[in-house]
Amino acid sequence: MTVDTQQEVEERVHWLPMIAAISSISVVGIAIGLGMPLLSVILETRGHSASMIGFNTAVAGLASIAGAPLATPLAMRFGVARTMLAMIATGVLAFVGFHFAPDFWMWFPLRVLLHIALTVLFILSEFWISTSAPPHRRGLVLGIYATVLSLGFAAGPWLFAQLGSAGFLPFGVIMALVTLAAIPVLAARNESPTIVSNGETSNFLRYIWLVPTATAAVLVFGAVETGGFALFPVYGNRIGYSEADAALLLTMIGLGNVLLQIPLGMISDRVSDRRYLLLACATIGLAGTIFMPHFAQNWHLMAALLFVWGGVVAAMYTIGLAHLGSQLSGHDLASANAAFVLCYGVGMVLGPQAIGIGMDLFGPSGFGWALGMFFAFYIALVGARLIRKIL
């Protein structure tokens, strides 16, 4: 094989495995978007309090953090495709188990099992996508992945509105959807990447520090997305918006997330050092939080601001993942993908707490102050890394 031919092979997009990973995880996204409100509504109809429902749901974040270190060892032992298929099967059984579990305590191990399976599935899907995308198109490919995944999450609540929560039907639909996710993985199983041990036995947490600008980016995104979405309706109410108007503003954030990932991913492919683009995203995120109170009196200006702000902030996940893939490969990339998802889980825990405390201490302005704190932390981190590179 000539050098030119080898280079052409390396630069070609491996479409089958990429489509397999994207489509399977997106179908799972639809199932999650349908399943999460379904489970909460069922618990409420059974007479459980909001705090207990929240406690059961919070177990998902802890399970994700616990499950992240398992992904690479499982994939090394059984293979990426086989592990993904096993996690799909586990997810199906856990989802259906909720329907047949009569006692509330049973929902806790089921929730743990479900979210460990989903976490491993997400990690290995993103690893598979990163290894299937050539370096010069990694941002575009991950932009497509983020867009399709966002659409999947958005389709889930719509399906829930059509199906309702009564009987086995919604669980049957979830079972069918998650089972469908196995088909493209089976089709591309012979092209799944192999993870070979690098011979090191160092702590899993070291991968957080290998590419800190990527892992910190997803931590900030997880905090801002989870905390912002959870508490924006409260913030909107306190600054004078109706419940409907605040919900529409949340929709604008979601639209920005869906529509801006592919163009921002393409831009990241043309930037020699993606850290500069991550720095720009965080700076726009900070600027957006500063301008929110000034735009609050005009719903349309606020909607336009949140559309751009939501898309740019979500790009911290997409571009951070692309940056991770450009710096590492093989076993290190698989383990770093796991650390990446773990940091997202940590952000999910930190964000709502920080924003809630901020609003308790400073009123509505505490919403922006808390969000701004995360962006300022990230700007300082990336700025220090870039200055160190120059010096």
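What counts, and at which threshold
- Residues numbered from 1 in each chain as written.
- Predicted model: local features only at pLDDT ≥ 70, side-chain atom pairs only at ≥ 80, totals over all residues.
- Heavy atoms only, no water.
- Salt bridge = Lys/Arg side-chain N within 4 Å of Asp/Glu carboxyl O.
- Buried < 20%, exposed > 50% of the residue type's maximum accessible area, 1.4 Å probe, protein only.
- Helix = DSSP H or I, 4+ residues; strand = E, 2+ residues; numbered from the N terminus.
- Contact = heavy atoms within 4.5 Å.
- Domains from an automatic or database assignment.
- Buried area = accessible area lost by both parts, 1.4 Å probe.
- Nonpolar A, V, L, I, M, F, W, Y, C, P; charged D, E, K, R; others polar.
- Expected span 1.5 Å × (residues − 1).
- Polar contact = N/O pair within 3.5 Å; in protein donor to acceptor, adjacent residues only side chain to side chain.
- Axes fitted to C-alpha atoms, helices over the stretch in contact; angles between N-to-C directions.
- Parallel < 35°, antiparallel > 145°, perpendicular 65-115°, else oblique.
- Left-handed = near helix turned anticlockwise from the far one by under 90°.
- Core = buried A, V, L, I, M, F, W, Y, C linked by side-chain atoms within 4.5 Å.
- Patch = residues over 30% accessible without salt bridge, like charges linked within 9 Å, V, L, I, M, F, W, Y side chains within 5 Å.
- Areas by Shrake-Rupley, 256 points an atom, 1.4 Å probe, with all protein chains shown as cover.
- pLDDT = per-residue confidence, 0-100.

Caption draft 1: Structural view of the pattern of salt bridges. Counting across every chain of the model gives three salt bridges. Between Asp269 and Arg274 there is a salt bridge, and its shortest N-O distance comes to 3.0 Å. Here Asp269 matches Arg274 in class, with each residue buried. Here the residues in one salt-bridge network are Asp273, Arg275 and Lys389, joined through shared partners.

Caption draft 2: Inspection of the environment of Val341 at higher detail. Mapped onto the elements, Val341 comes out in helix H15 (residues 330-362). Of the residues examined, Val341 reaches a relative accessible area of 12% and is grouped as buried. Residues Val341 and Gly67, spaced 274 residues apart in sequence, show a C-alpha to C-alpha distance of 9.6 Å. The contacts of Val341, once residues within four sequence positions are left out, are Thr119, Ile123 and Glu126.

Caption draft 3: Representation of the environment of Gly33 in the model. Take Gly33: it is sitting in helix H2 (residues 15-45). The buried category is assigned to Gly33, whose relative accessible area is 10%. The spacing of Gly33 and Leu169 is 136 residues in sequence and 16 Å in space, taken between C-alpha atoms. Not counting residues within four places of it along the chain, the set of residues in contact with Gly33 comprises Phe153, Gly156 and Pro157.

Caption draft 4: Looking closely at the domain arrangement of the protein chain. Domain boundaries assigned for the protein chain yield domain 1 (13-193) and domain 2 (202-390). Once you take the C-alpha centre of each, domain 1 and domain 2 turn out to be 22 Å apart. Taken together, both faces of the contact between domain 1 and domain 2 bury some 2,200 Å²; the carbon and sulfur share is 73%. Counting across the domain 1 and domain 2 interface gives zero salt bridges. Listed by contribution, the elements that provide at least two residues to the side of domain 1 that touches domain 2 are helix H4 (71-78), helix H6 (107-132) and helix H7 (138-163). Considering every element that reaches the side of domain 1 that touches domain 2, the biggest residue donor is H7, with 11 residues. A class-by-class count of the residues in the side of domain 1 that touches domain 2 yields 13 nonpolar, nine polar and three charged.

Caption draft 5: Examining helix H14 (residues 299-327) more closely. In this model H14 runs 42 Å from its N-terminal to its C-terminal C-alpha over 29 residues, within 8% of the 42 Å that 1.5 Å per residue would give. Within H14, 21 of the 29 residues are buried, leaving the element largely enclosed by the surrounding structure. The backbone nitrogen of His300 lies 3.0 Å from a side-chain oxygen of the residue at the head of H14, namely Asn298.

Caption draft 6: Structural context of the packing of helix H11 (residues 212-238) against helix H12 (residues 243-269). Interaxial distance between H11 and H12 falls to 9 Å at its minimum, and their mutual angle equals 150°. The orientation of H11 with respect to H12, classified from their angle, is roughly antiparallel. Regarding H11 and H12, the two cross each other, and that crossing is right-handed. Where H11 approaches H12, its residues Phe229, Phe232 and Pro233 are matched on the opposing element by Ala246, Leu249, Leu250, Ile253 and Gly254. Taken together, the residues of the contact of H11 with H12 break down into seven nonpolar, one polar and no charged.

Caption draft 7: Inspection of the nonpolar core at higher detail. Counting residues in each nonpolar core, the largest one holds 126 residues, and the members touching the most others are Tyr145, Trp309, Leu324, Phe367 and Tyr378. It is H2 that contributes the most residues to this core, 16 residues altogether. Each of domain 1 (13-193) and domain 2 (202-390) contributes no fewer than three residues to this core.

Caption draft 8: Here's a closer look at a nonpolar patch on the surface. On the surface, Ile357, Leu361, Phe362 and Trp369 cluster together to form a nonpolar patch covering roughly 520 Å² of accessible area. Counting residues per element, the nonpolar patch draws most heavily on H15, at three residues. On the secondary structure map, Phe362 appears in helix H15. On the accessibility criterion, Phe362 (54% relative accessible area) is exposed.

Caption draft 9: Structural view of the confidence of the model for the protein chain. Per-residue pLDDT for the protein chain has a mean of 85; in total, 94% of the residues score no lower than 70. Within the protein chain, helix H1 (residues 3-11) has the poorest average pLDDT of any element, 44, and helix H13 (residues 274-295) the best, 94. Low confidence marks residues 1-10, where pLDDT is under 50. Its contacts with residues over four positions away, or in another chain, come to three contacts.

Caption draft 10: Layout of the environment of Trp128. Structurally, the position occupied by Trp128 is in helix H6. A residue is classified by how much of its surface remains accessible, and Trp128, at 0% relative accessible area, is buried. In this structure the C-alpha to C-alpha distance between Trp128 and Val80, which are 48 residues apart in sequence, comes to 8.1 Å. Residues contacting Trp128, with those up to four places away along its chain left out, are Pro17, Ala21, Val80, Met84, Val185, Ala188, Glu191, Ser192 and Pro193.

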